[in-house]
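# Descriptive structure summary
Letter by letter, the chains look like this.
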Amino acid sequence: VKRTTRAFVPIAAAIATMLAACGGRPSPPPNDVSAPPVSKEPQPAPCARGGKSIGPEEAFGRRIASICVSGASPGVAKAILKELALGADATLTVEALREDLGRVWATGLVDDLEADVSANDMRVDLEIVVRESPLIADVTITGAAPITGLSMKGELEAAPLKRFRVRNVQSVISRARARYVEMGFHRADVKWQATALPGNRVRLLVTIVEGPRSTGR
Amino acid sequence: MRRQLVFSLLLIGAIASVSPNAEARIVDRVVAVVADTPIFLSDLRARATSHLLRLDTAAPENYDEGMKRTASETEMFREVLDRLIDEELVGQAAGAARITVTGSEIDEALDRVAKQSKLTRAELLAEAKKQGVEPAAYRAELFRQILEGKWLSLASTKPPPGSDEAATVRHRESERKRLLAELRAKVFIEVRL
């Protein structure tokens, strides 16, 4: 179990944490994933907030004055807003917000999110703060890969919207290992590593060592 | 000790939703990820409600110092989150094994617990509500317990022949720990407290 200090750490550091958690290998210098990438892409403007601080116990039950998304590119912010059942004039409830956040998570577009509120007269302004999942820039497969290489690359690149999610990568790698075992390569080793690139992107490198093939008698 | 206290205050601060921004306050966020499934702060708060009530109703001498209570809450939130993570792991493993729990199985369990407590089903649910557990939450808890029981029966080894009841219970608990440790080792888990 990995314990991180707080959400919204730089994405490269988050990837390093995830890799350490799932057995992936960190990238070698100078592309060490612990170095946060510097994004040159324009960042979305933060939500305008002028309201007073309000605690959760006061916020729930009030009507929503406005909803905005921060931390996402305009396209992703728009997609997130589409997922929300809550809207202006709706009553903010724990259950409705939880359902909306669950739907946003399920899109695969974000790998962290939180909901913030501030008072706006008798209503509340709701801000959905997200960290976008990195985009898979490219996938390179090295080592002998006559059995799984091609389809694995396709599967990795076909991850929902080409977004990097550890679970997606792990499941593809697990399937590849299983295929090797089925083909008699019982010692096959399939490893992966991710390198953070500027602009919230990652490069995936999959290394396959097939090992000897067992022959049945 | 001092370091532990600072950490406790930080953790309580996070759970109490104190945003670094003075104007906006966090009302919900991801506190853990199990495989690709998020656990939200609202999930943690909902499950911790009855535990908080227990802290409130505990003997005053146990919590007459604020710091003691803070430490108790911190520990309690951590335990509840660990429990939520285990439940998610068991839920995923049970789903993969196509284990299901029906409404009538929950009803039967409810009646069994009521009978043991010499109460009717309605009285039992009313008593649970007094302790901060709504009927739906109580049924959900029974669902999780039955699911875990079925999964354990399927996945665990049998106790050694001739084991008495106490030995069987110990074996079951040891198997539960072993199987959960196996699940935790296989699955990507991140705690974001």
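## Overview of the packing of aromatic side chains
Residue and element names in this part refer to chain A. For the structure on display, the rule yields two aromatic pairs over all chains. Judged by centre distance (5.7 Å) and plane angle (85 degrees), the rings of Tyr180 and Phe185 are edge-to-face. Look at Phe185 and you get buried, because its relative accessible area is 8%.

## A few points about the environment of A:Arg62
Residue placement: A:Arg62 occurs in the loop between helix H2 (56-59) and strand E2 (64-70). If sequence neighbours within four positions are ignored, A:Arg62 has contacts with A:Ile54, A:Ala90, A:Thr91, A:Leu92, A:Ala119, A:Asp121, A:Met122, A:Arg123 and A:Val124.

## Describing helix H3 (residues 74-83) of chain A
One turn of the α-helix equals 3.6 residues, which is why residues spaced by three or four share an orientation. Residues and elements named next belong to chain A. Taken together, the buried positions of H3 are occupied by Val76, Ala77 and Ile80. Buried residues of H3, viewed axially, fall in a sector of 100 degrees; they line one side. With respect to the buried face of H3, the exposed residues turned more than 90 degrees away are Pro74, Gly75, Lys78 and Lys82. At its buried positions, H3 is contacted by E2, helix H4 (94-106), strand E3 (110-120) and strand E4 (123-132).

## A word on the sheet that holds strand E7 (residues 201-209) of chain A
All names here are of chain A. Taken in spatial order, the three strands make up an open sheet running E5-E7-E6, and their pairing is mixed. Of all the strands in the sheet, the pair left with one neighbour each is strand E5 (135-143) and strand E6 (189-197). Sheet twist, expressed as the average angle between the axes of neighbouring strands with direction ignored, equals 20 degrees. Two strands pair when backbone bridges link them, and E5 and E7 are joined in this way by eight bridges, in the parallel orientation. What sits directly across from Gly143, in E7, is Ile208. Against the sheet, helix H6 (residues 166-182) engages E6 and E7, with an angle of about 155 degrees to E6.

What counts, and where the lines are drawn
Residues numbered from 1 in each chain as written. Chains lettered and ligands numbered in written order. Predicted model: local features only at pLDDT ≥ 70, side-chain atom pairs only at ≥ 80, totals over all residues. Heavy atoms only, no water. Phe/Tyr/Trp six-rings, centres within 6.5 Å; stacked < 30°, edge-to-face > 60°. Buried < 20%, exposed > 50% of the residue type's maximum accessible area, 1.4 Å probe, protein only. Helix = DSSP H or I, 4+ residues; strand = E, 2+ residues; numbered from the N terminus. Contact = heavy atoms within 4.5 Å. Arc of directions from axis to C-beta. Pairing = 2+ DSSP bridges. Axes fitted to C-alpha atoms, helices over the stretch in contact; angles between N-to-C directions.

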